[in-house]
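# Observations on chain architecture
Letter by letter, the chains look like this.
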Protein chains: 2
Amino acid sequence: MRVLHHWPLDPFSRQARLVLDEKSLKHTLQSEAPWEQAAKLQALNPAGNTPVLVDKTTGTPRVIAEARPILEYLEETSPTPCLLPGGPAERAEARRVMDWFDRKYDGEVNAYILHEKLEKVAQGLGSPDPAMLRMGKDHLRWHLDHIAWLLETRDGLAGPRYTLADIVAAAHLSCVDYLGEVPWDDYDVVKHWYQRVKCRPAFRSVLADRLPGTPPSGHYADLDF
Amino acid sequence: MRVLHHWPLDPFSRQARLVLDEKSLKHTLQSEAPWEQAAKLQALNPAGNTPVLVDKTTGTPRVIAEARPILEYLEETSPTPCLLPGGPAERAEARRVMDWFDRKYDGEVNAYILHEKLEKVAQGLGSPDPAMLRMGKDHLRWHLDHIAWLLETRDGLAGPRYTLADIVAAAHLSCVDYLGEVPWDDYDVVKHWYQRVKCRPAFRSVLADRLPGTPPSGHYADLDF
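The model shown is predicted, which means the values in this text are computed figures rather than measured ones. (Residues numbered from 1 in each chain as written. Chains lettered and ligands numbered in written order. Predicted model: local features only at pLDDT ≥ 70, side-chain atom pairs only at ≥ 80, totals over all residues. Heavy atoms only, no water.)

### Examining the overall build of chain A
A count of helical and extended segments in chain A gives nine helices and four strands. For chain A, the succession of helices and strands along the chain, N to C, is β-α-β-α-β-β-α-α-α-α-α-α-α. In summary, chain A has a C-alpha radius of gyration of 17 Å against a globular reference of 17 Å for 225 residues, a match within 12%. Each of the three principal axes of chain A carries a C-alpha extent, and together these read 50 × 45 × 30 Å. When the 225 residues of chain A are sorted by exposure, 57% land in the buried category. When contacts within chain A are restricted to residue pairs at least 6 apart in sequence, those whose partners lie at least 24 apart make up 67%. Carbon and sulfur atoms make up 51% of the accessible area of chain A, which amounts to about 9,100 Å² in all. Across chain A, the 27 positively charged side chains and the 32 negatively charged ones have centroids separated by 4 Å. (Helix = DSSP H or I, 4+ residues; strand = E, 2+ residues; numbered from the N terminus. Rg over C-alpha atoms; globule rule 2.2 N^0.38 Å. Buried < 20%, exposed > 50% of the residue type's maximum accessible area, 1.4 Å probe, protein only. Contact = heavy atoms within 4.5 Å. Areas by Shrake-Rupley, 256 points an atom, 1.4 Å probe, with all protein chains shown as cover. Lys, Arg positive; Asp, Glu negative; His and termini not counted. Charge placed at Lys NZ, Arg CZ, Asp CG, Glu CD.)

See below:
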C-alpha cells in the first residue's frame, strides 16, 4: 500500500497525486496542513512539508519526501506510462520547465497569491494584503505570457508528448485557478492546453477538492470553461 | 566539446562545475554575470540564469539549462563515476537533500547573504543591509545545525557514499565561505565533512575562483582550515 501525506491546495502535493493517478498506482491520501501537523510531518520530512509518500509495497516501507524526489522515484520504479519520454536532451528540457515552475513561478506567484489567500487565512495571520496580491497577479500574467510563448513555439510545454513538465505546470496553475485568479480569456493558447490536461482521468481527484471555508471558483471543475 | 556558461560565485553554476570535474568531462568555462549578459543568457535559457551547458560532443549541440537538469543529464549520459548510487530509495533521499539546499537553503541563506554581499554590490544596488545580513547569518546557523544533525545520524549527507547531495550542499556552502560567513569552529562535524569534500580534485577549480573587487576569506582555499 502507498500513503501520500498531502495538503489539497499545495501545488507540490498535487504533482505527486497527478503522477500516482497517471500511473494508476493505488494509494490513499492523508490530508495534513503543514502548520497544524508540524511534528508529525517533520518525523517524515525534516522540512516539515507535504508531500511525503510512504511506499509500503516493497519489503521495508520507504519514505520519500518532497515532490521532485517522489516524481523521479515513481518514474524509476513504475516506468509505465513514461512521463519523461525521449532522450537525455528531451528529459533535460522537461526538467528545466519543472524547475521553472518549482522555483521561479513558486517564488513569483505562489509566494504572493497562495500565501496571501490561503496560508495566511488558514493560519490566522490576517487578511490578504492587496498590494502583495496585486504583485502576484502581475507576475502570474507574465508567467501566462511565457507559457503561451512555449506552447506557440513547440507542440506542448516541453515537447510534443505529455510529460512531467505539463503535470508540474498544471499542478501549480490549478491552485490559483481554484481561487479564480487565472484570466483564462486573455490566454487562449494556455486555456486550450489546460483544457486538454483537465480532461485527463488523472485530474479528477484534484478537481474534486473542496477546502472548508474556501469554495472553488465557479468554473474550477468544469472541463469546458 | 562542452561549454559551461556560469558565474563563479553562483552556487548553482558550481554544482555543474563540480559534477563535470568529478566525471572528468572536458569543458571550457564561459563566465557571464546574469545581470550583464541578460539577452545572451536568455537565448540559451528563458530564465536568463546560469548555469547553461552547451554539449557539442553529440551530433547536434544540446543546450541544457539550470543546475538540476544538468546534473541529471550528466548522470544519465556519463554514469561513471555514479553520483546517485544505490536503489530508488537512496536516490530519492539524495534528491530530497538536493531540494532542501536548492529551495529552502537558497531562500533562507543565499537570498540574504549572497544577495546583499554579492548581487547588490555587483549590480550597483547599494551597500548590504545589516538587518538582512543578520537574518541570513541566523538562518545559516540553523542550517549548519541541521547539516550537523544529518551527518551525526548517518555516515554522510544522504548516506555513506559521496553523492550529488554532498556536491549540491558543498556548492552552496562554498559561496558563503568565500565571503567568510561560515562559523566553522562552532560546527566541527560539518567542518570535517567540508574538509573531506574540499580535498577532492574536482573542488580545485572553485577554490581557485577570484572575484575582482571581492577577494575571498583568508582560509577559503586552505584544505586544512
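### Here's the deal with the sheet that holds strand β3 (residues 52–55) of chain A
All names here are of chain A. Pairing in this open sheet of four strands is mixed, and the strands run β2-β1-β3-β4 from one edge to the other. Single-partner strands in this sheet number two, and they are β2 (28–31) and β4 (62–65). Recorded for the sheet is a direction-independent mean angle of 20 degrees between the axes of neighbouring strands. Sheet topology places strand β1 (residues 2–6) next to β3; four bridges connect them, and they run antiparallel. Looking across to β3, one finds that His5 is bridged to Val52. (Pairing = 2+ DSSP bridges. Axes fitted to C-alpha atoms, helices over the stretch in contact; angles between N-to-C directions.)

### Side note on the pairing of β4(A)
Pairing analysis gives four bridges linking β3(A) to β4(A), with the strands arranged antiparallel. Paired with Leu53(A) across the strands is Ile64(A), a residue of β4(A).

### Considerations on helix α1 (residues 11–22) of chain B
Residues and elements named next belong to chain B. For α1, built from twelve residues, the straight-helix expectation of 16 Å at 1.5 Å per residue is met to within 8% by its first-to-last C-alpha distance of 16 Å. Most of α1 sits out of view: eleven of its twelve residues are buried. Within α1, burial applies to Pro11, Phe12, Ser13, Arg14, Gln15, Ala16, Arg17, Leu18, Val19, Leu20 and Glu22. Remark: Ser24 follows α1 within two positions and exhibits a positive phi of approximately 50 degrees. (Expected span 1.5 Å × (residues − 1).)

### Quick word on the environment of His6(A)
All names here are of chain A. Here His6 lies in strand β1. C-alpha of His6 to C-alpha of Pro51: the two residues are 45 residues apart in sequence and 4.8 Å apart in space. Ignoring anything within four residues of it in the chain, the contact list for His6 reads Ser13, Arg17, Leu29, Gln30, Ser31, Glu32 and Thr50.

### A word on the pairing of strand β2 (residues 28–31) of chain B
Residues and elements named next belong to chain B. Here four bridges tie strand β1 (residues 2–6) to β2, and the two strands are oriented parallel to one another. In the sheet register, Leu4 faces β2, and the bridge partner there is Leu29. For the crossover that starts at β1, traverses α1 and ends in the parallel β2, the hand is right-handed. (Right-handed = clockwise from strand over helix to strand, strands pointing away.)

### Remarks on the packing of α1(B) against helix α7 (residues 164–178) of chain B
Residues and elements named next belong to chain B. Packing of α1 against α7 brings their axes to within 9 Å, and their N-to-C directions diverge by 130 degrees. Regarding the angle of α1 to α7, the classification is oblique. Crossing hand, α1 versus α7: right-handed. Together, Pro11, Phe12, Arg14, Gln15, Leu18, Val19 and Glu22 of α1 and Leu164, Ile167, Val168, Ala171, His172, Ser174, Cys175 and Tyr178 of α7 make up the contact between the two elements. For the contact of α1 with α7, the class distribution of residues is ten nonpolar, three polar and two charged. (Parallel < 35°, antiparallel > 145°, perpendicular 65-115°, else oblique. Left-handed = near helix turned anticlockwise from the far one by under 90°. Nonpolar A, V, L, I, M, F, W, Y, C, P; charged D, E, K, R; others polar.)

### Observations regarding the interface of chain A and chain B
On the chain B side, the residues contacting the 28 residues of chain A number 28 residues. Approximately 2,300 Å² of surface area, both sides summed, lies buried where chain A meets chain B, with 64% of it carried by carbon and sulfur atoms. Across the chain A-chain B interface, the total number found is six salt bridges. Among the ionic pairs, Arg103(B) bridges to Glu66(A), the shortest N-O distance being 3.9 Å. On the surface where chain A and chain B come into contact, there are four residue pairs in polar contact (both at pLDDT 80 or more). Secondary structure elements with two or more residues in the side of chain A that touches chain B: β4, α3 (67–77), α4 (88–110) and α6 (130–153) of chain A. Counting residues per element, the side of chain A that touches chain B draws most heavily on α4(A), at twelve residues. (Buried area = accessible area lost by both parts, 1.4 Å probe. Salt bridge = Lys/Arg side-chain N within 4 Å of Asp/Glu carboxyl O. Polar contact = N/O pair within 3.5 Å; in protein donor to acceptor, adjacent residues only side chain to side chain.)

### Overview of the relation of the copies chain A and chain B
The two copies are related by a screw operation: chain A maps onto chain B through 180 degrees of rotation and 0.0 Å of translation along the axis, at an RMSD of 0.0 Å. This pairing of chains is accounted for by a two-fold axis. Looking at the rotation axis and the C-alpha trace of chain A, the residue lying nearest is Arg103(A), at 3.5 Å. In this assembly, 100% of the residues forming the interface of chain A have copies in chain B that are likewise at the interface, indicating an isologous arrangement. (Least-squares fit on C-alpha atoms with pLDDT ≥ 70 in both.)

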